[in-house]
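The chain contents come next:
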Amino acid sequence: MKLPGKTACFSRAGLAGLTFEARGGQQEKLLNWCISHKVQLCSIQANDTGFTADIAAADYARLHAPARRCRTRLRVIARRGSWFHLRWLLQRPGLVLGAVLFCWLMLWSANYLWAVRFVNVPTQQQQKIRAVLSECALCEGQRVTEQKLALARRELLSQSENWGWTALNFYKGRLVAERTEGRPSVPVLQKDHRPYVAAANATIVETHIESGFAQIAAGQQVEQGQLLISGERPARDGTPVQQEPLGRVIGLVQRDYQAVRPLWEEYLGKTGRIASKKSLICPLGTIQFAQRKPNFKTFESKTVQEALCLGPISLPATITETWYLEKTMQERTLSEKAAREFAQYACLMQLYSDFPDAQIAARSAEESWQNGVLTCTMHFTFRANIAVRAGAS
Amino acid sequence: MKQHFNARGGLFSQPPQNFYARPEMHILCGGLIQIENCGKITDFSASGLSLCAGRWNICLYGTELMIRSLAGHRLIVAGKISRIEFGLLENPKETPP
């Protein structure tokens with residue numbers, strides 16, 4: 001039996017040993033050869049025909065030549081040690097190679113992102129964090145570096161004002177994103193001594209003055225720009241007394257809003273033609289699938305990223321799919337009813353942009369048609385806070 | 001040896017050449033005999049072991065004799081040893097092969 005040279009160390013460490021029997025010939029001469037060549041034997045026991053002994057498996061091969069010279073026949077009785085249990089692996093080198101390759105791959109791919117886990121992050125904000133990570137080139141299958149992590153941390157902190165603290169910890173393929181709720185800080189209010197003026201012509205219905213000096217009373221008619229709450233009043237001796245004006249003045253306002261809506265219009269609409277481009281991001285690089293460059297002149301694109309999983313096991317790969325939706329200029333003809341509703345809706349939007357707390361008491365509409373264009377004028381009577389700071393837009 | 005040390009300058013002098021290569025024999029109480037720097041084994045059976053060590057021919061007799069370890073020139077013999085014989089070799093170089 002001949003073992004590779006590298007197995008000698010295993011043999012001497014007790015990983016591979018043999019019990020052999022020496023029969024006939026000059027056995028003492030063989031023993032003396034072992035002494036002079038420093039071949040270690042153990043448990044040498046004489047019997048009627050010769051002796052039995054234990055020897056390291058690597059040394060057994062060296063015994064053949066001297067045994068032949070001494071006319072002694074050697075025969076292996078027993079084999080011991082883990083080497084002989086693992087010897088069958090030599091006939092299956094693919095298994096050993098596969099195991100070694102697997103270990104090497106595991107160590108190598110630990111620098112790549114396998115999974116992103118969230119701690120104390122609601123589902124909606126997980127999407128937000130994912131988007132930030134994608135912008136910083138941190139998705140499953142991409143190499144993680146300190147620079148990328150530092151950039152992602154900065155981005156997260158800058159984009160989330162109401163978060164107290166965010167952390168990104170990367171350890172052996174797993175990126176853990178944590179965050180805490182921020183405590184609302186009490187804003188330091190600076191006193192604003194600008195007076196309140198009327199935002200529109202109105203009849204005052206209610207006044208809620210918190211501080212300052214009211215210049216109007218309920219039932220009074222006010223003009224647009226008229227002073228409602230002032231922040232200064234002269235005392236008896238003539239010296240001005242200042243107080244920050246604060247409060248609300250509810251007035252009944254009558255106002256008209258106008259919107260124009262043509263029956264025929266052009267708009268940038270989707271044609272229904274869709275093209276998609278898939279790519280796989282993995283440690284080997286980015287692999288493009290079915291790369292078809294869309295020949296759309298105008299399109300809207302949308303990218304969806306999905307981490308690749310094998311059941312519950314995350315893999316270091318991400319499938320990125322980009323959808324291209326073609327858009328062209330299209331013509332649209334509205335019915336009269338639809339044009340009217342669109343125009344009335346536009347008027348309402350104008351009203352609520354001017355007075356967000358408006359409560360409409362009455363409304364009426366007038367419409368006129370000219371060359372297929374609807375001009376809608378709506379008269380609103382509503383209650384709203386008409387006090388605005390002087391000089392505010 | 002005492003004379004040798006004194007002649008060379010006392011206790012701190014070098015030992016003579018091949019001092020540590022000389023044969024030694026230790027008899028342990030557990031039934032083991034350790035022989036350092038033994039030369040050749042001349043006869044080995046279950047009832048006797050004969051070997052050369054320096055100028056001596058040592059014969060161990062007993063039953064169930066076994067060489068527990070044979071590592072280089074160190075030999076450990078175990079078994080029920082009943083008798084040990086020492087014989088002086090006239091010419092140590094002419095030992096049997």
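Above this text sits the structure in question.
Since the structure is predicted, the reported quantities are computational estimates derived from the model, not experimental observations.

Observations concerning the overall build of chain A
Piece 1. When helices and strands are tallied, chain A shows nine helices and 22 strands.
Piece 2. Expressed as a percentage of its 393 residues, the buried residues of chain A come to 35%.

Let's talk about the nonpolar core
Piece 1. The biggest cluster of nonpolar side chains holds 38 residues, and the ones touching the most others in it are Phe20, Ile44 and Phe51 of chain A together with Phe44, Leu49, Leu70 and Leu75 of chain B.
Piece 2. Setting aside its immediate chain neighbours within four residues, Phe44 of chain B contacts Glu28, Leu31, Ile44, Gln45, Ala46 and Phe51 of chain A together with Leu49 and Ile67 of chain B.
Piece 3. Val222, Leu348, Leu351 and Phe382 of chain A belong to the second largest nonpolar core, which has 31 residues in total.

Brief notes about the environment of Asp192 of chain A
All names here are of chain A.
Piece 1. For Asp192, the position within the fold is in the loop between β7 (174-181) and β8 (196-198).
Piece 2. Through-space distance from the C-alpha of Asp192 to that of Arg389 is 9.2 Å; in sequence the pair is 197 residues apart.
Piece 3. For Asp192, the residues in contact, after removing those within four places along its chain, are Glu244, Pro245 and Arg389.
Piece 4. Within the local environment of Asp192, its side chain forms a polar contact with the side chain of Arg194, the two groups lying 2.9 Å apart.

Regarding the layout of surface pockets
Residue and element names in this part refer to chain A.
Piece 1. Of the volumes computed, that of the largest pocket is approximately 320 Å³.
Piece 2. Taken together, 16 residues form the lining of the largest pocket, with Gln127, Arg130, Ser134, Gln305 and Glu306 sitting closest to its centre.
Piece 3. For the lining of the largest pocket, the elements supplying multiple residues, two or more each, are α7 (123-135) and β18 (299-310).
Piece 4. Among the residues making up the lining of the largest pocket, the classes are represented as seven nonpolar, six polar and three charged.

Overview of the interface of chain B and chain A
It is common to give the size of an interface as the accessible area that goes away when the parts come together.
Piece 1. Taken together, the contacts link 19 residues of chain B with 15 residues of chain A.
Piece 2. Between chain B and chain A the total buried area reaches about 1400 Å² when both faces are included, carbon and sulfur atoms providing 62% of it.
Piece 3. Where chain B packs against chain A, one counts zero salt bridges.
Piece 4. Inspection of the chain B/chain A interface yields six residue pairs in polar contact (both at pLDDT 80 or more).
Piece 5. Contributions of two or more residues to the side of chain B that touches chain A are made by β3 (40-44) and β5 (56-71) of chain B.
Piece 6. No other element matches the seven residues that β5 of chain B contributes to the side of chain B that touches chain A.

Quick notes on a nonpolar patch on the surface
Residue and element names in this part refer to chain A.
Piece 1. Together, Leu86, Trp88, Leu95, Val96 and Val100 make up a nonpolar patch on the protein surface, roughly 460 Å² of accessible area in all.
Piece 2. The biggest single contributor to the nonpolar patch is helix α6 (residues 93-108), with three residues.
Piece 3. For Leu86, the position within the fold is in helix α5 (residues 82-86).

Remarks on α7 of chain A
Residues and elements named next belong to chain A.
Piece 1. Along its 13 residues, α7 runs 19 Å from first to last C-alpha, staying within 8% of the 18 Å computed at 1.5 Å per residue.
Piece 2. Looking at α7, one finds that the buried residues are Gln125, Ile129, Val132 and Leu133. Along the long axis of α7, the arc covered by the buried residues comes to 100°, so they all point the same way. Turned more than 90 degrees away from the buried face of α7 sit Thr123, Gln124, Gln127 and Glu135, all of them exposed.
Piece 3. Looking at the buried positions of α7, the neighbouring elements they touch are β5 (115-119), α8 (146-159), β6 (163-171) and β7.

Rules of the game
- Residues numbered from 1 in each chain as written.
- Chains lettered and ligands numbered in written order.
- Predicted model: local features only at pLDDT ≥ 70, side-chain atom pairs only at ≥ 80, totals over all residues.
- Heavy atoms only, no water.
- Helix = DSSP H or I, 4+ residues; strand = E, 2+ residues; numbered from the N terminus.
- Buried < 20%, exposed > 50% of the residue type's maximum accessible area, 1.4 Å probe, protein only.
- Core = buried A, V, L, I, M, F, W, Y, C linked by side-chain atoms within 4.5 Å.
- Contact = heavy atoms within 4.5 Å.
- Polar contact = N/O pair within 3.5 Å; in protein donor to acceptor, adjacent residues only side chain to side chain.
- 1 Å grid on protein atoms, 1.4 Å probe; cavity = no way out; pocket = protein on both sides within 12 Å on 5 of 7 lines; lining within 4 Å.
- Points joined across faces, edges and corners; volume = space filled by probe spheres on them.
- Nonpolar A, V, L, I, M, F, W, Y, C, P; charged D, E, K, R; others polar.
- Buried area = accessible area lost by both parts, 1.4 Å probe.
- Salt bridge = Lys/Arg side-chain N within 4 Å of Asp/Glu carboxyl O.
- Patch = residues over 30% accessible without salt bridge, like charges linked within 9 Å, V, L, I, M, F, W, Y side chains within 5 Å.
- Areas by Shrake-Rupley, 256 points an atom, 1.4 Å probe, with all protein chains shown as cover.
- Expected span 1.5 Å × (residues − 1).
- Arc of directions from axis to C-beta.

That is the geometry; function is a separate question.
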